[in-house]
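Now for the letters of each chain:
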Amino acid sequence: MLESLPRLPDDPILGLAAAARADGNPDKVDLTVGIYMDESGLCPVFDAVRQAQRALVDEEATKAYMPPVGDPAFNTGMRQLVFGTDSAALAAGRVSSIQTPGGCGALRIGAEVINAAVPGARVWVSDPTWPVHIPLLGSVGLQFENYRYYEAADHSVDFDAMVDDLKQARRGDVVLLHGCCHNPCGADLSLEQWGVIADMAEEQGFLPFIDIAYQGLGDGLERDAAGLRLLAARLPEMIVAASCSKNMGLYRERTGITLFLCADANSADALQSQAAVAARRVYSMPPAHGALIAGRILSDGGLRENWERELGGMCQRINGLRGELRRKLEAEAGRDFGFIEREKGMFSFLGLSAGQARALRSEHSVYMLDSSRINVAGVNAGNIDYLARAVGAVLRA
Ligand SMILES: Cc1ncc(COP(=O)(O)O)c(C=O)c1O
């Protein structure tokens, strides 16, 4: 029976990363996969994570299943991290949540609950969006519409076009928004623009579904959540999928959470039960290790301070790299790269054609997606000059 199944192509991003690993050029630069890398090109373990992990290993008394909704300290800490400690919705008991296997699991559980409410609901996704959104939500049965978002010609959000497209979103529809650090384009909404989206959601009745996988890596933990919190202060309902992969470096521990902002506490409780039943049919109970670590960090004053300091350092480093890369590229290529400094988080499109991105790979061992999306955190003092020269050469060719 199974022999009829063909071999499927590799995931394009993971396939390119594998090609970069296999490349013997000592000058090679890998800007493909979305993980934070430090100056030495390594994806580091946070010091706070090491400390929390040590304590956890010493104290852990059982490997019995986690509760279906996950670790209580993790849920409480993440609700506050995402919505803010002063959130009126939190105080009113209007928020419930479920710990999930990573941000992907959080998106999937959000999609399951949406599909339970409105089977085959239309989800409006930004053009472009993170490609994995489509199979994650689509395999549940949700349908897609695109809204225009990124204007490649001037490297910015085409907000008028976005608003124009979203005028068609109505009650029963979902609008998927990147909470901060848009993947793949790095162009985020201003607070004023978030306000316009809130007006539209109020008037038209669509449900915002916010994917926030990079909180703390754009402008800091609080400012990165400001748009999402603005919506939460005004709207009766919203779903959020959050991840600790990037901002705690817990990638392989699969640590995420789906949060439900509801009209009242009863409804929040009902949504949590829906999410738990959805999780039961997909994977049953969530994994323990990452969430127990994150829960400790979020609830322990010393660990939290340590984590916030390290995360703040990463954020500053990314923003510093953005400035430096802009200057070096402008010097090498003689054109404006100011957008790199305006954009946020780990990703930007360099604005190259697919042919130019391929030439960078074949002629210079510089790996980026064909869309010219780069992981800014893959740049460091040791490769930035080589990278800028290679991009300059390809642009002049
Ligand atoms: C936009 C976006 N959403 C969600 C995720 C989920 O990440 P994870 O499942 O590793 O927590 C990612 C990871 O790259 C992402 O880029």
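- Per an unreviewed UniProt entry, the chain carries the name Aspartate/tyrosine/aromatic aminotransferase and comes from Parahaliea mediterranea.
- Under the heading Sequence similarities (unreviewed entry), UniProt records this for the chain: "Belongs to the class-I pyridoxal-phosphate-dependent aminotransferase family."
- Looking at the chain in UniProt, the text filed under Cofactor (unreviewed entry) is "pyridoxal 5'-phosphate".

**Describing the UniProt feature "domain: Aminotransferase class I/classII large" (unreviewed entry) in the chain**
Reasoning step 1: Following the UniProt record, one finds the feature "domain: Aminotransferase class I/classII large" (unreviewed entry) at residues 27-391.
Reasoning step 2: For residues 27-391, the helix share is 47%, the strand share is 15%, and the end-to-end C-alpha distance is 14 Å.

**Remarks on the pairing of strand S2 (residues 95-100)**
When a strand is regular, its side chains alternate between the sheet's two faces.
Reasoning step 1: In terms of residue burial, S2 counts as a mostly covered element, since six of its six residues are buried.
Reasoning step 2: Here S2 shows two buried faces, one formed by Val95, Ser97 and Gln99 and the other by Ser96, Ile98 and Thr100.
Reasoning step 3: By the bridge criterion, six bridges tie S2 to strand S10 (residues 256-261) in an arrangement that is antiparallel. Bridging from a neighbouring strand, Ile98 pairs with Thr258 of S10.

**Describing empty space enclosed by the protein**
Reasoning step 1: On inspection of all chains with the given rule, the structure shows one cavity of 30 Å³ or more.
Reasoning step 2: If you trace the largest cavity, you find it lined by Ser126, Tyr147, Tyr149, Met162, Leu177, His178, His182, Asp188, Leu189 and Trp194.
Reasoning step 3: Considered class by class, the residues forming the lining of the largest cavity number six nonpolar, three polar and one charged.

**Brief notes about the domain arrangement of the chain**
Reasoning step 1: Per the domain assignment, the segments of the chain are domain 1 (10-45 + 304-396) and domain 2 (65-299).
Reasoning step 2: Summed over both partners, the interface of domain 1 with domain 2 comes to about 2,200 Å²; 63% of that surface belongs to carbon and sulfur atoms.
Reasoning step 3: Applying the counting criterion to the domain 1 and domain 2 interface returns one salt bridge.
Reasoning step 4: In this structure, Lys344 and Asp219 form a salt bridge, with 3.0 Å as the shortest nitrogen-oxygen distance.
Reasoning step 5: Linking domain 1 with domain 2 are 10 residue pairs in polar contact (both at pLDDT 80 or more), by the criterion used here.

Conventions we followed
- Residues numbered from 1 in each chain as written.
- Predicted model: local features only at pLDDT ≥ 70, side-chain atom pairs only at ≥ 80, totals over all residues.
- Heavy atoms only, no water.
- UniProt positions renumbered as here; feature names shortened; annotations may be inferred.
- Helix = DSSP H or I, 4+ residues; strand = E, 2+ residues; numbered from the N terminus.
- Buried < 20%, exposed > 50% of the residue type's maximum accessible area, 1.4 Å probe, protein only.
- Pairing = 2+ DSSP bridges.
- 1 Å grid on protein atoms, 1.4 Å probe; cavity = no way out; pocket = protein on both sides within 12 Å on 5 of 7 lines; lining within 4 Å.
- Points joined across faces, edges and corners; volume = space filled by probe spheres on them.
- Nonpolar A, V, L, I, M, F, W, Y, C, P; charged D, E, K, R; others polar.
- Domains from an automatic or database assignment.
- Buried area = accessible area lost by both parts, 1.4 Å probe.
- Salt bridge = Lys/Arg side-chain N within 4 Å of Asp/Glu carboxyl O.
- Polar contact = N/O pair within 3.5 Å; in protein donor to acceptor, adjacent residues only side chain to side chain.

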